[in-house]
Amino acid sequence: MNKEILQKVYQVSDFNKKGHLLIDQLTSHLEDKINANSRNAINWNEPEQELKFWKDFLVHGNEKDLFQEITKRTTYIHHPNYLGHQVSPPAPITALTSLISSLLNNGTAVYEMGMASNAIERIVIEIICNKIGYDANSSGFLTSGGTLANLTALLSARKAITKVDIWNKGTQNQLGIMVSEEAHYCVDRAARIMGLGDQGIIKVPVTNKFRMDTELLELKFNEAKEKGIEIFAIVGSAPSTATGIFDDLEVIGTFAEKQKIWFHVDGAHGGAGIFSKKYRHTLKGIERADSVVIDGHKMMMMPALTTALLFKNEVNAKATFSQKADYLLSDSEHEDWYNSGKRTFECTKNMMSIHWFTLLKLYGEEVFDANVTQLYDMGANFAKLIEEEPNFELALQPMSNIVCFRYFEPGLNTENLNELNVKIRQALLGDGEFYIVQTKLKGIHYLRITVMNPFTTAQHFKSLIEKIKHLISRI
Ligand SMILES: *Cc1c(COP(=O)(O)O)cnc(C)c1O
């Protein structure tokens, strides 16, 4: 056995030296990006070029440059010109809690493998349930991402609502869920994983304001029922990812109650609004949901992945993966909060609760209010600037920090405008000063920003608009 190499791997002094160096490097990175000392939010590289670089680095690269190169060759989430996907610029302290989790590597699934993280998780969950407006019967857990949390919630729904014990006996029945056509694709994926197929995913069209058209709920439900589909759940988006528009949770909740089906709220992005005094109204009705998903790594300043999945009724949180029906769980199983692996899809899980707890302990709940409120305010601010521009138009009035807009010239048809906006986005990517994304809504190509950085200002927005005008003159 080559023991020498293993001793080298675990050399503590080496960890200490490299660790201090890395913290210094990352500190410079943060200073540079947060203060926008360097121009770019992204240094775009073609995938093949990037691949070549790393193949070459593995053989010829200098070990000393490794961390620096990785850092450099990323998209700079902390830069105020980063306006792309919905991941947070993590609060630096949560990079340190990530380090703790990685080094200690307590898998959290059973109490003995994460005493602190399991107890802390329970406290965090209680705080979130309270904020939702749930009572003492509620519970939940943290899990690895909104995608997995949505799948888990739908599995809980199926267990709680359908007449057949599918977990044990399987089923030939056609089951179904109802969801807005603008919902995140992971809901569709979850339904397919569960074997619902095309037929079992009842897509409810959206209104011209991109909300789920709740006028159609009864009709869609009855149509499905006539086809023999047993609908067990309806999913409300809070908000939907592409548009940032919130479904009417109150109305969906009433519908679900009436039909005795499960009401799930996908608040991966906007669920954090429960902490915002100013924007809590976007989630009106959320307390009626049987389950709610909230991502910590989106609007709550935490590193990926950490997602809260909350249940109005604790029994359902525990029954999802149990062989027994929920009403058969023994008392000890009900009390077994500290073995979280029984309830989660994952077995081994990061000590993710420590991010939440550390932010709460150091800054208090107000920090989530401050962040959500600031980011949503800036979404409205950007929309106003777009409205003032003669050659730009909004797809719709934003309800959050997600804003879809496009460049517009009279005389060009939809196809030409679509092509032009695709080119604008590609030119922006190549330029690198700003990072924004794009989406298609009802056949129209839009540019899309999500304000994720609390230090992005109107000045940054104005520069983005000027940059787009400048790029157009060269397209
Ligand atoms: C981001 C998002 C998801 C997916 O969550 P992940 O944490 O990326 O897996 C699901 N639904 C909505 C509405 C989202 O915004």
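This text follows the structure it describes.
These notes cover the structure that comes with them. Just so it is clear, the model here is predicted, and its values are computed rather than measured.

What counts as what
Residue numbering note: each chain is counted from 1, following its sequence as written. Local features in a predicted model are, by the rule used here, given only for residues with pLDDT of at least 70; side-chain atom pairs are given and counted only at 80 or more, and totals for whole chains, interfaces and linings are based on all residues. As a convention, hydrogens and water are excluded, and side-chain values are obtained from all of the structure's heavy atoms. What counts as a helix is a DSSP run of H or I of at least four residues, what counts as a strand is a run of E of at least two, and both are numbered from the N terminus. When accessible area is computed with a 1.4 Å probe and restricted to protein chains, residues below 20% of their type maximum are described as buried, those above 50% as exposed, and intermediate ones as partly exposed. Throughout, a residue-residue contact means that at least one pair of heavy atoms, one from each residue, lies within 4.5 Å. Between the N-to-C directions of two axes lies an angle of 0 to 180 degrees, each axis being a line fitted to C-alpha atoms and, for a helix, fitted only over the stretch in contact. Here is the rule for angles: anything less than 35 degrees is roughly parallel, anything more than 145 is roughly antiparallel, 65 through 115 is roughly perpendicular, and the remaining ranges are oblique. By the definition used in this description, the sense in which the near helix is turned from the far one sets the handedness, with an anticlockwise turn below a right angle giving left-handed and a clockwise turn giving right-handed. Side-chain classes are defined by residue name, with Ala, Val, Leu, Ile, Met, Phe, Trp, Tyr, Cys and Pro counting as nonpolar, Asp, Glu, Lys and Arg as charged, and the others, Gly among them, as polar. Any two strands between which DSSP finds at least two bridges are classified as paired. By the criterion used throughout, a crossover qualifies as right-handed when its path from the first strand across the helix to the second strand runs clockwise, the strands pointing away from the viewer.

1. Some words on the side chain of His445
Thought 1: Position of His445 among the secondary structure elements: in strand β11 (residues 444-450).
Thought 2: Take His445: its relative accessible area is 10%, and that puts it in the buried class.
Thought 3: Apart from the residues within four sequence positions on either side, His445 is in contact with Arg406, Asn418, Asn421, Val422, Gln438, Thr439 and Lys440.

2. Let's talk about the packing of helix α16 (residues 366-387) against helix α18 (residues 458-474)
Thought 1: Relative to each other, α16 and α18 sit at 40°, their axes nearing to 10 Å. Taken as axis vectors, α16 and α18 run oblique relative to one another. Of the two possible hands of crossing, α16 and α18 adopt the one that is right-handed. Mapping the contact onto sequence places Met378, Asn381, Phe382, Leu385 and Ile386 in α16 and Ala458, Phe461, Lys462, Leu464 and Ile465 in α18.
Thought 2: Along the lines of polarity and charge, the residues of the contact of α16 with α18 split into eight nonpolar, one polar and one charged.

3. Topic: the pairing of strand β4 (residues 230-237)
Thought 1: With eight of eight residues buried, β4 is to be regarded as a mostly interior element.
Thought 2: Two strands pair when backbone bridges link them, and β4 and strand β5 (residues 262-266) are joined in this way by five bridges, in the parallel orientation. From the neighbouring strand, Ser237 faces β5, where its bridge partner is Asp266.
Thought 3: Considered for its hand, the β-α-β crossover made up of β4, helix α11 (residues 249-259) and β5 is right-handed.

4. Here's the deal with the sheet that holds strand β6 (residues 291-295)
Strand pairing in a sheet takes place through backbone hydrogen bonds and is either antiparallel or parallel in direction.
Thought 1: Reading across from one edge, β1-β7-β6-β5-β4-β2-β3 is the order of the seven strands in this open sheet, with mixed pairing throughout. Only two strands of the sheet have a single neighbouring strand rather than two, namely β1 (139-143) and β3 (201-204). Taking each pair of neighbouring strands and ignoring which way they run, the sheet shows an average axis angle of 20°.
Thought 2: For β5 and β6, the ladder comprises three bridges, and the chain directions are parallel. In the strand pairing of β6, Val265 is matched with Val292.
Thought 3: Helix α6 (residues 115-132) contacts β1, β6 and β7 (307-311) of the sheet and is inclined by roughly 120° relative to β1.
Thought 4: The strands touched by helix α10 (residues 217-226) are β2 (175-180), β3 and β4; relative to β3, the strand with the most contacts, the crossing angle is about 155°.

Nothing here speaks to function; it is all geometry.
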